[in-house]
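Each chain, letter by letter, is given below.
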Amino acid sequence: MVALAGGLTTVAPADADTAAPRGTVPCHLRINGRLYNLFLDPRVSLLDLLREHLHLTGAKKGCDHGQCGACTVLVNGRRANSCLALAISHDGDDLTTIEGLAHGDQLDPMQQAFLDHDGFQCGYCTPGQILSAVGLLAEVKRGHAALTDAEIRERMSGNICRCGAYDGIVAAVRDVARRDGV
Ligand code: FES
Ligand code: FES
């Protein structure tokens, strides 16, 4: 058993016969392909679990109110603001953070496109932008919508970039979309 900060406790292996510490509930999450079997304070947000307890700091806390998109992760392939969700509400879910997007040393095409098109400056918003863009393309594929630049801007409007790197972000999404045949 490994104790985590803030009174949270993680237990391994998955079938460990361990009683839940007082005030916690069991929660099983798959994050970037790794299974986490946790006892969680039910008040902890998904973002705080990732950043403060599992040390996956790619997801950023910009506003903590669902306004900026810096905390975006993929939940079962769909983009979500991790600051707005209680971690326990995702029991059984499959999460991807920016740390898990690349395939070994091979960047995900969206990561590479952000590099190729200068889709960032300071980089603070970038993990959320990239995961949101990956989720956007999946949405468009499911809905068979036409992906104009205006549509990209609208669908990415939940991700704020204080550096104003929007032209590069749109170019990156457009590039990957075209190569994907979207
Ligand atoms: Fe979650 Fe801003 S930190 S939307
Ligand atoms: Fe700086 Fe977006 S690159 S906030």
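Residues numbered from 1 in each chain as written. Chains lettered and ligands numbered in written order. Predicted model: local features only at pLDDT ≥ 70, side-chain atom pairs only at ≥ 80, totals over all residues. Heavy atoms only, no water.

Buried within helix 2 (residues 109–116) we find Met110, Gln111, Ala113 and Phe114. Along the long axis of helix 2, the arc covered by the buried residues comes to 165°, so they all point the same way. Those residues of helix 2 that are buried are in contact with helix 3 (126–143) and helix 5 (166–179). At the C-terminal side of helix 2, Asp118 shows a positive phi close to 50°. (Buried < 20%, exposed > 50% of the residue type's maximum accessible area, 1.4 Å probe, protein only. Helix = DSSP H or I, 4+ residues; strand = E, 2+ residues; numbered from the N terminus. Arc of directions from axis to C-beta. Contact = heavy atoms within 4.5 Å.)

Moving on, we come to a nonpolar patch on the surface. Judged by side-chain polarity, Leu107, Leu115 and Phe120 come together as a nonpolar surface patch covering roughly 230 Å² of accessible area. Along the chain, Phe120 falls in the loop between helix 2 and helix 3. For Phe120, a relative accessible area of 31% translates into the label partly exposed. (Patch = residues over 30% accessible without salt bridge, like charges linked within 9 Å, V, L, I, M, F, W, Y side chains within 5 Å. Areas by Shrake-Rupley, 256 points an atom, 1.4 Å probe, with all protein chains shown as cover. Salt bridge = Lys/Arg side-chain N within 4 Å of Asp/Glu carboxyl O.)

This next bit is on the packing of helix 2 against helix 3. Packing of helix 2 against helix 3 brings their axes to within 10 Å, and their N-to-C directions diverge by 125°. Taken together, helix 2 and helix 3 sit at an angle that is classed as oblique. Between helix 2 and helix 3 the crossing geometry is right-handed. Contacts between helix 2 and helix 3 involve Met110, Gln111 and Phe114 from the first element and Thr126, Gln129, Ile130, Ala133, Val134 and Leu137 from the second. (Axes fitted to C-alpha atoms, helices over the stretch in contact; angles between N-to-C directions. Parallel < 35°, antiparallel > 145°, perpendicular 65-115°, else oblique. Left-handed = near helix turned anticlockwise from the far one by under 90°.)

Here the protein chain is partitioned into domain 1 (2–100) and domain 2 (109–179). Between the C-alpha centres of domain 1 and domain 2 there is a distance of 25 Å. Listed as interface residues are 17 residues of domain 1 and, on the opposing side, 18 residues of domain 2. Summing the contributions of domain 1 and of domain 2, the shared interface buries around 1400 Å²; its carbon and sulfur component is 53%. When the buried surface of domain 1 facing domain 2 is broken down by residue, Cys68, Arg79 and Ile98 rank first, second and third, together holding 43% of it. Our count for the contact surface shared by domain 1 and domain 2 stands at one salt bridge. Taking the shortest distance from any N to any O, the salt bridge between Glu139 and Arg79 comes out at 2.7 Å. On the surface where domain 1 and domain 2 come into contact, there are eight residue pairs in polar contact (both at pLDDT 80 or more). Put simply, the parts of the chain that give the side of domain 1 that touches domain 2 at least two residues each are strand 5 (72–75) and strand 6 (78–81). Of the residues assigned to the side of domain 1 that touches domain 2, the class counts are five nonpolar, eight polar and four charged. (Domains from an automatic or database assignment. Buried area = accessible area lost by both parts, 1.4 Å probe. Polar contact = N/O pair within 3.5 Å; in protein donor to acceptor, adjacent residues only side chain to side chain. Nonpolar A, V, L, I, M, F, W, Y, C, P; charged D, E, K, R; others polar.)

For the rest of this paragraph, the subject is the nonpolar core. One finds Met110, Phe114, Leu136, Leu137, Leu147 and Val173 to be the most contacted residues of the largest nonpolar core, which totals 24 residues. Apart from the residues within four sequence positions on either side, Leu136 is in contact with Arg79, Leu147, Ile152, Arg155, Met156 and Val173. Membership of the second largest hydrophobic core comes to 21 residues, among which are Cys27, Val44, Leu50 and Ala87. (Core = buried A, V, L, I, M, F, W, Y, C linked by side-chain atoms within 4.5 Å.)

Before going further, it helps to spend a moment on the pairing of strand 4 (residues 34–40). Burial runs high along strand 4: five of the seven residues are buried. Pairing geometry for strand 3 (residues 25–31) and strand 4, over seven bridges, is antiparallel. Residue pairing across strands places Ile31 opposite Arg34, the latter belonging to strand 4. Between strand 3 and the antiparallel strand that follows it, strand 4, lie two residues; Asn32 among them carries a positive phi value of about 55°. (Pairing = 2+ DSSP bridges.)

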